[in-house]
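# Structure at a glance
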Amino acid sequence: MSVAFGFAVFLTCLLVMKVAHHLDMRSRLKAVIDLVHARGHVITSQADEIFAQLDSRRFDACTPELQQEARNLLFRFNHVHEILFFRDRGPTPICSATLGLLDETHAFPAHDIQSLFDPDRSYWLGFSDPRLPETSVDFFVRSHDVGIVLDQRILSNTTTSFDWEAFTRPPGTDYAVHLFGSEGIYEQSRQSIQHPLSPYTYVEGCTEGVWRFCVVARDDMPAEIMQNPLTSAAGILAYLGFGFLGYRWRLRRFEKRSTLTGRIRTAIRRNFRDFHCVYQPVIDMRSGDPVGCEVLARFCDEYGPLPPSAFIPEIERTGSTWFFTEAVLGKAITDLASLEGRLEGFHLSANFFRQDLHARNLDRLEASAALRVLGDKPYVLICEILENGLETGIDMSQAIAHLRARGFEIAIDDFGTGVANLSSVRKLSPHYIKIDRQFVGEVDASEDSLRASLVPNILAIARQVGSICVAEGVETAEQAASLGGIGIRYAQGYHFARPMPVAELAAFLPAQATCSRPAQTTA
């Protein structure tokens, strides 16, 4: 009887394990689908804004004014690679935003899909045209007389721990057309319906509206067991000994110790002791001297390091952004304490979360011990704000005024990747504009690079609002020379120095007691 009871408990535990694993996997697979949909929305929303501005117009000629308007749109929307214009619903484009007048005798490929939800929209998959510059972009959509080449790398580069496939269905068909991800997952999910004992778990979700597409994600339980045999064996022993309660205890302990959420929340409870700072110098390219540095947070606990792209979103989800910023500033103050005699006029840049600069959080800034200490330091704090934070509707004016009153300076970080217009930049009146590395990286890659051609435009914007330009991500001597040739004086990147701990920064700094401060009149 006891043997039968033990065997029944064992089978029950296995069944509970399977059900619990299935429910857990469905939740995690749903998160993968939501991530792909969110990234897809980034692209499609930019295309919708362009169509809303241009859709109702006629294009009879490829005028310089039309080209300039299209180029301005390309500058605003970083996931739009090209804009083409057609005449009177014709089959061949007459004009390109980057190339100008096109040869209308050149055959244009027929579309792959006609939208079921908007008869005026057509889609091309695997799109290529020899008249356009070489590109890895392969998705084209046309509405009326406007066509847009979309940069889908934000989707194709999405990495998750699960296999997924984005697909769509042409009108009047019962098969799927592969868009992105791992091809064949959708067909496998259809076949698994006929096999209820399939080891795979599939979850599918579709978007709504004109840009309707679906995503199916898959979990492979046998593969997970084969990759972690010791953990699986230990788990089975726990199920035999403790039953369902033992299983749940082990699962919660594992999640607490090894998942991203558990590790970050543990670090927060430890008062951010698993975080440390590294410093990347900002160089005056005329003299070769460091004039400042950017403080960068790094994370490493007993399970290893995590990149900022992993821990920053988790800190935002937990609502701990201001506590994190204060902890980083406090660590930087401690690190630089022994160097203060050599940092007169030096500039220390630190990133601020836009939500922490909301008017309702002004009392936090006023009560901040770290900011109070920094106000008395010989070096100057530069508060960096991401460009995409300028158009979120958050009123940062009171917080910015408070920071300026304390003697701190303001910078717009990653400029060129957001949607900020000249008026919003002028309203903020930053001391510095930091050009994003994706523009700098193409300065010496191709003379025809559109992003590289926009760097002088960013420099012109900075001069209009009285700001200083700082180029980020300078990796070669050719890039540094090209940037210096167009009037950009300050830069940071691997060509000059990698992010370094404070001991290496001390050796990197010049021996003199003070560092030259950037002139406000120099871009």
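In case you missed it, the structure is sitting above this.
Now for a description of the structure that goes with this document. Computed from a predicted model, the values in this text were never measured in an experiment.

This part is about the nonpolar core. With 72 residues, the main nonpolar core has Phe311, Phe324, Phe352, Leu357, Leu371 and Leu381 as its most contacted residues. Core analysis: the second largest hydrophobic core is formed by 41 residues, Met25, Val80, Ala97 and Phe139 among them.

Turning our attention to the packing of helix H7 (residues 260–269) against helix H8 (residues 308–318). Across the interface, H7 lies against H8 with an axial gap of 10 Å and an inter-helix angle of 70 degrees. By the angle class used here, H7 and H8 are roughly perpendicular. Relative to H8, H7 is oriented so that their crossing is right-handed. Of the residues in H8, those in contact with Leu260, Thr261, Ile264, Arg265 and Ile268 of H7 are Ala310, Phe311, Glu314, Ile315 and Thr318. Considered class by class, the residues forming the contact of H7 with H8 number 6 nonpolar, 2 polar and 2 charged.

Ordered by their spatial adjacency, 7 strands build an open sheet running E3-E2-E1-E7-E6-E5-E4, and the pairing between neighbours is antiparallel. What marks the edges here is a single partner per strand, and that holds for strand E3 (100–101) and strand E4 (113–114). Taken together, the 3 bridges between strand E1 (residues 80–86) and strand E2 (residues 93–96) define a ladder with antiparallel strand orientation. Directly across from Leu84, in E2, lies its bridge partner Ser96. Sitting on the sheet, helix H2 (residues 64–76) is in contact with E1, E2 and E3, with an inclination near 155 degrees to E1.

A positive phi angle, near 50 degrees, is found at Asp88, a position not held by glycine. Judged by its relative accessible area of 42%, Asp88 is partly exposed. For Asp414, which is not glycine, the phi torsion reads 55 degrees and is therefore positive. Within the fold, Asp414 resides in strand E17 (residues 409–415).

As enumerated under the stated definition, the model contains 16 salt bridges in all. Between Asp60 and Arg58 there is a salt bridge; the shortest N-O distance is 3.6 Å.

For the rest of this paragraph, the subject is the state of the cysteines. Under the defined criterion, the tally for this structure stands at 1 disulfide. Two residues, Cys62 and Cys95, share a disulfide whose sulfurs are 2.0 Å apart. Because the torsion about its S-S bond is 45 degrees, the bridge between Cys62 and Cys95 counts as right-handed. Residue Cys62 is located in the loop between helix H1 (2–54) and H2, and its partner Cys95 is located in strand E2; the two are separated by 33 residues in the primary sequence.

What follows is about the packing of aromatic side chains. In total, this model carries 12 aromatic pairs according to the counting rule given. A centroid spacing of 6.1 Å and a plane angle of 20 degrees characterise the contact between Tyr123 and Phe139, whose relative ring orientation is stacked. Placement of the pair is Tyr123 in strand E5 (residues 121–125) and Phe139 in strand E6 (residues 139–143), with a sequence separation of 16 residues. Looking at Tyr123, the relative accessible area reads 10%, which means it is buried. Taken together, Phe272, Phe275, Phe299, Phe311, Phe324 and Phe353 form an aromatic cluster joined through their ring pairs. Just above the ring of Phe86 sits the side chain of Arg142; from NZ or CZ to the centre is 3.7 Å. Arg498 extends its terminal NZ or CZ atom over the ring of Tyr494, reaching a point 4.0 Å from the ring centre.

Take the environment of Glu472 next. The residue Glu472 is located in the loop between strand E19 (468–471) and helix H16 (477–485) in this model. Residue classification places Glu472 among the buried residues on the basis of a relative accessible area of 5%. Sequence-wise, Glu472 and Asp414 are 58 residues apart; in three dimensions their C-alpha atoms are separated by 8.1 Å. Those residues in contact with Glu472 that sit more than four places away from it in its chain are Glu294, Asp413, Asp414, Lys434, Ile435, Asp436, Arg437, Val440 and Gln492.

It is worth spelling out helix H4 (residues 185–192) at this point. By the burial criterion, the buried members of H4 are Ile185, Tyr186, Ser189 and Ser192. In a view along the axis of H4, the buried residues occupy a sector of 120 degrees, so they form one face of it.

We now examine H2. Between the first and last C-alpha of H2 there are 18 Å, a value that for 13 residues agrees with the 18 Å anticipated at 1.5 Å per step. Within H2 the residues assigned to the buried category are Leu66, Gln67, Ala70, Leu73, Leu74 and Phe75.

Within strand E16 (residues 380–386), 6 of the 7 residues are buried, which leaves the element mostly enclosed by the surrounding structure. Pairing between strand E15 (residues 347–351) and E16: 5 bridges, direction parallel. Bridging from a neighbouring strand, Leu348 pairs with Leu381 of E16. In this structure, E16 lies alongside E17, joined through 5 bridges in parallel fashion. Across the sheet, residue Leu386 finds its bridge partner in E17, namely Asp413.

The rules we used
Residues numbered from 1 in each chain as written. Predicted model: local features only at pLDDT ≥ 70, side-chain atom pairs only at ≥ 80, totals over all residues. Heavy atoms only, no water. Core = buried A, V, L, I, M, F, W, Y, C linked by side-chain atoms within 4.5 Å. Buried < 20%, exposed > 50% of the residue type's maximum accessible area, 1.4 Å probe, protein only. Axes fitted to C-alpha atoms, helices over the stretch in contact; angles between N-to-C directions. Helix = DSSP H or I, 4+ residues; strand = E, 2+ residues; numbered from the N terminus. Parallel < 35°, antiparallel > 145°, perpendicular 65-115°, else oblique. Left-handed = near helix turned anticlockwise from the far one by under 90°. Contact = heavy atoms within 4.5 Å. Nonpolar A, V, L, I, M, F, W, Y, C, P; charged D, E, K, R; others polar. Pairing = 2+ DSSP bridges. Salt bridge = Lys/Arg side-chain N within 4 Å of Asp/Glu carboxyl O. Disulfide = S-S within 2.5 Å. Phe/Tyr/Trp six-rings, centres within 6.5 Å; stacked < 30°, edge-to-face > 60°. Lys NZ or Arg CZ within 6 Å of the ring centre and 35° of its normal. Arc of directions from axis to C-beta. Expected span 1.5 Å × (residues − 1).

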